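# Architecture and fold: a report
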Amino acid sequence: MTSARRIAVYPGSFDPVHEGHLDIMRRCKPLFDEVVVAVLENEEKAALFSVEERVEMISEILGDDPIFTARSFSGLLVDYVESLGARAIIRGLRAVSDFEYEFQMALMNRRLDPNIETVFLTPREEYSFVSSRLVKEVFRLGGDLTGLVPQPVLDRLQERLRPNGAKV
Ligand code: ADP
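Let us look at the structure shown here. (Residues numbered from 1 in each chain as written. Predicted model: local features only at pLDDT ≥ 70, side-chain atom pairs only at ≥ 80, totals over all residues. Heavy atoms only, no water.)

Tallying each qualifying case throughout the model produces 3 aromatic pairs. Summarising the aromatic geometry, the rings of Tyr10 and Phe14 are spaced 5.2 Å apart at their centres and angled 80 degrees between planes, so their arrangement reads as edge-to-face. Residue classification places Tyr10 among the buried residues on the basis of a relative accessible area of 5%. Note on Phe14: relative accessible area 3%, which makes it buried. (Phe/Tyr/Trp six-rings, centres within 6.5 Å; stacked < 30°, edge-to-face > 60°. Buried < 20%, exposed > 50% of the residue type's maximum accessible area, 1.4 Å probe, protein only.)

Below, the discussion takes up the pairing of strand β3 (residues 68-73). Pairing of strand β2 (residues 34-40) with β3 involves 6 bridges; the strand directions are parallel. Bridge pairing in β3 links Val37 to Ala70. After leaving β2, the chain enters helix α2 (residues 51-62) and then returns to the sheet as β3, a path that is right-handed. (Pairing = 2+ DSSP bridges. Helix = DSSP H or I, 4+ residues; strand = E, 2+ residues; numbered from the N terminus. Right-handed = clockwise from strand over helix to strand, strands pointing away.)

Locating Asn109 in the fold gives a position in helix α4 (residues 96-112). Apart from residues lying up to four places away in sequence, Asn109 is in contact with Leu77, Val78 and Ile89. (Contact = heavy atoms within 4.5 Å.)

With that out of the way, let us pick up the site of the ligand. Close to the ligand lie 18 residues, the nearest being Tyr10, Phe14, Gly92, Tyr127 and Val130. Between an oxygen atom of the ligand and a main-chain N or O atom of Phe14, the distance comes to 2.9 Å. At 3.2 Å from an oxygen atom of the ligand is found a side-chain nitrogen or oxygen belonging to Arg94. With the chains in place, 91% of the 530 Å² that the ligand exposes on its own is no longer accessible. Mapped onto the shell around the ligand, the elements with two or more residues apiece are β1 (7-12), α1 (19-28) and β4 (88-92). (Near = heavy atom within 4 Å. Polar contact = N/O pair within 3.5 Å; in protein donor to acceptor, adjacent residues only side chain to side chain. Areas by Shrake-Rupley, 256 points an atom, 1.4 Å probe, with all protein chains shown as cover.)

The element α1 is extensively covered by neighbouring structure, given that 8 of its 10 residues are classed as buried. Inspection of α1 places Glu19, Gly20, His21, Leu22, Asp23, Ile24, Met25 and Cys28 among the buried residues, and these make up the whole buried set.

Attention now goes to the pairing of β1. On a regular strand, each side chain points to the face opposite its neighbour's, so the side chains alternate between the two faces of the sheet. Summarising burial for β1: 6 of the 6 residues are buried, a large majority. Both faces of β1 are covered, namely the face carrying Ile7, Val9 and Pro11 and the face carrying Ala8, Tyr10 and Gly12. In this sheet, β2 lies alongside β1 in parallel orientation, the contact comprising 6 bridges. What sits directly across from Tyr10, in β2, is Val37.

Topologically, Glu102 is positioned in helix α4. Contacts of Glu102, omitting those with residues within four sequence positions, involve Arg91, Gly92, Leu93 and Phe120.

What follows concerns the sheet that holds β1. Pairing between sheet strands relies on hydrogen bonds along the backbone, with the strands arranged either parallel or antiparallel. Strand order in this open sheet of 5 strands is β3-β2-β1-β4-β5, and the pairing throughout is parallel. Bordering the open sheet on either side are β3 and β5 (117-121), each of which pairs with just one other strand. Taking each pair of neighbouring strands and ignoring which way they run, the sheet shows an average axis angle of 30 degrees. Of the strands in this sheet, β2 and β3 touch α2, which is tilted by about 155 degrees from β2. Contacts from α4 reach β4 and β5, with the element oriented near 170 degrees to β4. (Axes fitted to C-alpha atoms, helices over the stretch in contact; angles between N-to-C directions.)

The following block contains the structure:
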């Protein structure tokens, strides 16, 4: 008897993806056969990068590791997870401050679809303070993000926020 493939969905804004996110993705590798990194199409949130650009950056960084694919989605997360035949939602927990919101979301998603489990993973401590919002803010102000953001993202930030090559 062949066992079912273990598919997980890691949803988020990823505007842009950073080392904290990538640390969580790496931790998924031994746990799942397939991980779909799902960029939420959220019209309410003003984003720096388009959903297509975010998917492109993630795909570029994950390279051709066959367990990962980057895609976009809209609508109810549990419906999307179900449509992929997945059973797990991955979320990263950076600190206690993430917990309340994540806990509410996990319980709501369980209420919407009891067959889907939310799996929480924690990053290495050195990434626990990193967020996409801070990455953008620090870059705008000329701070050094080496080691916190992969090179393809640094290049895109440079094009978008310092188009004249200004070092600030
Ligand atoms: P943010 O914009 O705050 O980086 P996202 O919506 O892109 O957040 O995050 C997607 C998921 O990744 C969420 O579960 C979030 O908690 C998690 N995450 C974000 N940053 C980190 C980090 N530094 N370490 C671990 N998980 C993280």
